[in-house]
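Listed below are the residues making up each chain.
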Amino acid sequence: MDETITLVLRVAPDEPSPGPIATAAAALRRGWLVAFPTETVYGLGANALDPAAVGTIFRAKGRPPTNPVIVHVADEGMLTLVAADWPPAAAALARAFWPGPLTLVVPKAAAVPDVVTGGGPTVAVRRPTHPVAQALIRAAGVPVAAPSANRSAELSPTRAEHVLAGLSGRVDVILDGGPTPAGIESTVVDVTTSPPTVLRPGPISVEQLEAVVGPVAQRTKGVESGPSPSPGMMARHYAPRTPVELVAGRDRLVGLASRGRVGVLALGPAAGVPGEVVALPADPAGYAARLYAALHDLDALNLDRVLIEEPPATPEWLAVRDRLTRAATLE
Ligand code: TXA
Ligand code: MG
């Protein structure tokens, strides 16, 4: 694709000043690409109602056209431009968790171009809570289509530096609002099915969803291939370049880590563990917040492999374990 010059603008995450926001919003209205922080990861945004602009996202990422993108809205007014129907489960979940890290799949409105939805009849929408994302979408005055701001199948970005490393020359503006707080991508729920189906686990847990809408179905495989599934194609997602291996148990971890040039993501304090060790917090939210940055850092060291100490197979670790499994899937 054509190379551009990437403009990086710093903004305060809590109270972004109007200047950079206005510049980025003008870029969006012109059909350009803007990367911006959300509470989950950085997004690579374009005007969702402009098919040419959304097409640029796919080229910049090298993303297969069958994998649809999430549309970000600032308020109810924008939602009505995007969604043709708002089922009761959507209303209940939005009331409970919006703005926030929850994406709802609903019937799409006619104004949403096919390139956004992979040609399918549904659209994924989310109203983010990050002040920079909100200010940007509001200033642009249009819904913003934005997948994570990384090359397809690579690690998601939780810092502006990650976006620049992967997409420099392919994105027009990056709003640098510092590290993103949740650190993993939003929970995706399809509310066109009964019961609603969790397509991707995330910061809003199954337990939290079920407290609002009752039992939900779960599909933890296949979401990355979008509405026309190509089996296995996108299984290796969120992956660093260095081979990754999940390791159960501290003793095994210590044994494997002493061989070769090895990076280690330890679960909790890691005194006595050899290798390039990053000790991540032993709670799911703390771990998720730092996971991608730790993998980006280890990846930059050109190690032989990265060992990840496996977190417990309990419900509160579901979203993190989903990302770890994908990072470790080789094909
Ligand atoms: O936290 C997030 O969701 C971030 C930030 C930037 O908002 N975005 C993100 O986008 O992770 P992306 O494109 O990397 O992931 C979007 C997910 C994919 O798994 C995609 O298949 C699914 O949402 N998706 C999008 N539209 C869909 C649709 N109409 N039906 C089913 N799944 C859909
Ligand atoms: Mg992504």
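Let me sum up the structure you'll find in this document. Within every chain, residues take consecutive numbers counted from 1 along the sequence as written. Key to labels: chains lettered from A, ligands numbered from 1, both in the order written. The model is predicted, so local features are restricted to residues of pLDDT at least 70 and side-chain atom pairs to those at 80 or more, both for listing and for counting; the totals for chains, interfaces and linings are taken over all residues. Only hydrogens and water are removed before side-chain values are computed, so all heavy atoms of the structure are retained for them.

Side note on the environment of A53
Right, so step 1: Here a strand is any run of E in DSSP of at least two residues, a helix any run of H or I of at least four, and the numbering for each starts at the N terminus. Inspection of the secondary structure puts A53 in helix α2 (residues 51-61).
Right, so step 2: Judged by relative accessible area, which is 1%, A53 ranks as buried.
Right, so step 3: Separated by 24 residues in the primary sequence, A53 and R29 place their C-alpha atoms 9.4 Å from one another.
Right, so step 4: The contact criterion used is simple: two residues touch if any of their non-hydrogen atoms lie within 4.5 Å. Residues contacting A53, with those up to four places away along its chain left out, are G31, L33, A46 and N47. Buried residues are those whose accessible area, probed at 1.4 Å on protein chains only, stays under 20% of the maximum for their type, while exposed residues exceed 50% and partly exposed ones sit between those limits.

Regarding the nonpolar core
Nonpolar side chains in soluble globular proteins generally cluster together in the buried interior.
Right, so step 1: What we call a nonpolar core is a set of buried Ala, Val, Leu, Ile, Met, Phe, Trp, Tyr and Cys residues that are connected through their side-chain atoms within 4.5 Å. Of all hydrophobic cores here, the largest spans 65 residues; its most connected members are L44, L102, L104 and L175.
Right, so step 2: Setting aside residues up to four positions removed in sequence, L102 forms contacts with L93, F97, V125, R126, S186, T187, V189, I204 and L209.
Right, so step 3: In terms of nonpolar packing, the next biggest core, distinct from the first, is built from 22 residues, L267, Y292, W317 and A319 among them.

A look at helix α11 (residues 318-327)
Right, so step 1: Of all 10 residues that make up α11, seven are buried, and the element is covered over most of its length.
Right, so step 2: Of the positions making up α11, those classed as buried are A319, V320, D322, R323, L324, R326 and A327.
Right, so step 3: Along its buried surface, α11 packs onto β10 (197-200), β12 (244-247), α10 (284-299) and β15 (305-309).

Regarding the sheet that holds strand β4 (residues 70-72)
Right, so step 1: The pairing criterion for strands is at least two bridges between them, as found by DSSP. Taken together, 11 strands build an open sheet; the order of strands is β1-β8-β2-β3-β7-β4-β6-β5-β9-β10-β11 and the sheet is mixed. Each edge of the open sheet is held by one strand with a lone partner, namely β1 (7-10) and β11 (217-218).
Right, so step 2: Of the strand pairs in this sheet, strand β2 (residues 34-37) and strand β3 (residues 42-47) are connected by four bridges, and their pairing is antiparallel. Residue F36 lies in a different strand from β3, and its bridge partner there is G43.
Right, so step 3: Note on definitions: angles span 0 to 180 degrees between N-to-C directions of axes, and those axes are lines fitted to C-alpha atoms, for helices only across the stretch in contact. Together, β3 and β7 (144-145) form the strand contacts of α2, whose direction differs from that of β3 by roughly 145°.

Here we look at the site of ligand 1
Right, so step 1: Around ligand 1 lies a shell of 23 residues, among which T40, R63, N67, H72 and S186 are the nearest.
Right, so step 2: In the analysis that follows, any N or O atom pair within 3.5 Å is treated as a polar contact, provided that within protein one partner can donate a hydrogen and the other can accept it, and provided that, for residues neighboring in sequence, both atoms belong to side chains. In the model, an oxygen atom of ligand 1 is placed 2.6 Å from a nitrogen or oxygen of the T40 side chain.
Right, so step 3: The side chain of H72 places a nitrogen or oxygen atom 2.7 Å from an oxygen atom of ligand 1.
Right, so step 4: For every accessible area listed, the method is Shrake-Rupley and the probe measures 1.4 Å; residues are considered covered only by the protein chains on display. When isolated, ligand 1 has an accessible area of 680 Å², and the protein chains bury 97% of it.
Right, so step 5: Those elements that place two or more of their residues in the shell around ligand 1 are β4, β6 (122-126) and β10.
Right, so step 6: With four residues, β6 is the single largest residue contributor to the shell around ligand 1.
Right, so step 7: The residue classification treats Ala, Val, Leu, Ile, Met, Phe, Trp, Tyr, Cys and Pro as nonpolar and Asp, Glu, Lys and Arg as charged. All others, Gly included, are polar. Classifying every residue of the shell around ligand 1 gives 11 nonpolar, seven polar and five charged. To be near a molecule or strand, a residue needs just one of its heavy atoms within 4 Å of it.

This is a description of form; function is not addressed.
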